[in-house]
Amino acid sequence: MKHGLNGLLLAFQFLTTVPITRQIPWTARSARWSIVCYPLTGLVLGGLLVSLYLLLSPFLSPLVLAALLVTLSIFYSGGLHLDGWMDVSDAFLSRRDRETKLIILKDSRVGAFAVMTTILLIGWKVLLLMELIALAPREFTWLLLLVPVCLRWMIIVQLIYGKAASDQGMAASLLPHVTTHVKNASRVWFLFIAGACFLLLQNVILTLCFLLMIWLFPLFWLRVCKREIGGMSGDTIGASIEGGELFLWGIMWTFFLSVTA
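Treat the numbers as computed from the prediction; the structure is a model and nothing was measured.

Description of the pattern of salt bridges
Counted under the stated rule, the structure contains seven salt bridges. As a salt-bridge pair, E228 and R227 come within 3.1 Å of each other at their nearest N and O atoms. Classification of E228 as buried rests on a relative accessible area of 14%. Each of K101, R227 and E228 takes part in one network of salt bridges that share partners.

Here is the structure:
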């Protein structure tokens, strides 16, 4: 119980800006529980997003609502995932060799590719959310809850099936703690997500499409990372959350647009 609580607190300390000032010991057990609890941080974010949406939707336009939802997501993570997106953009789009890309990932300076892709990322997120609010307001409410959970679950998938690009960094420090316990917990989380999708979305085709995409995206992303830098890193995991969110919203928008056409 103690290790589980420590793992939960570590997960929130690492992935969110929730003010937890307590010093948590980093042990093998607490590290395993921390990985298992990643989707819980997404569940809390989903709850905040749904609450904000339901509270303000009667008073604000879809554009302002979408912008506020994206802003809340960024502030909840402290820009951690967005930082990874920017670093990966500079590295992967540089067209350099693997060693140079790894150096760029560690560089704190922001390049032109990072600025350009971040503007596109945030702009397209706002646009897709605004469209979904208009196309499918009921389903969108539940997707706001489910998508953050799925994105954090996809971190676990990457840790299970991927390898670290280097011997240092976040990915390398977490991989030794991906045990059978973590893999079983990942399966439980997927069953929870699947059940929640069927229950809340009440659309078999939409649910199956959504579940397929949350499996395919992290596996595809791992292949991209292996080709570019030989594996994953903390930055590529952060980028996968930002890119994965845009990908899921895009798939959902395409689905609802096709059924309402």
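Points about unusual backbone geometry
Across residues other than glycine, the phi torsion is negative in most instances, and most of the peptide bonds are trans. Residue R95 is not a glycine yet carries a positive backbone phi of 60 degrees. As for its position among the elements, R95 is in the loop between α5 (80-92) and α6 (98-106).

A look at the nonpolar core
As a rule of thumb, nonpolar side chains are buried together in soluble globular proteins. Judged by nonpolar contacts, the single largest core of 82 residues is most densely connected at F140, F210, I214 and W249. A per-element tally of this core places helix α8 (residues 137-161) first, with 15 residues. In contact with F210, not counting residues within four places along its chain, are L143, V147, C150, C197, L248 and M252.

Some thoughts on the confidence of the model for the chain
On average, residues of the chain carry a pLDDT of 90, and 98% of them reach 70 or more. Between the elements of the chain, mean pLDDT differs from a low of 80, seen in helix α1 (residues 2-15), to a high of 95, seen in helix α3 (residues 38-56).

Considerations on helix α7 (residues 112-135)
Its 24 residues give α7 an end-to-end C-alpha distance of 34 Å, which sits within 8% of 34 Å, the value for a rise of 1.5 Å per residue. Turning to α7, its buried residues are A114, T117, T118, L121, K125, V126, L128, L129, L132 and I133. Check the buried side of α7 and you find it contacts α3, α4 (62-77), α5, α8 and α12 (234-260).

Definitions and cut-offs
Residues numbered from 1 in each chain as written. Predicted model: local features only at pLDDT ≥ 70, side-chain atom pairs only at ≥ 80, totals over all residues. Heavy atoms only, no water. Salt bridge = Lys/Arg side-chain N within 4 Å of Asp/Glu carboxyl O. Buried < 20%, exposed > 50% of the residue type's maximum accessible area, 1.4 Å probe, protein only. Helix = DSSP H or I, 4+ residues; strand = E, 2+ residues; numbered from the N terminus. Core = buried A, V, L, I, M, F, W, Y, C linked by side-chain atoms within 4.5 Å. Contact = heavy atoms within 4.5 Å. pLDDT = per-residue confidence, 0-100. Expected span 1.5 Å × (residues − 1).

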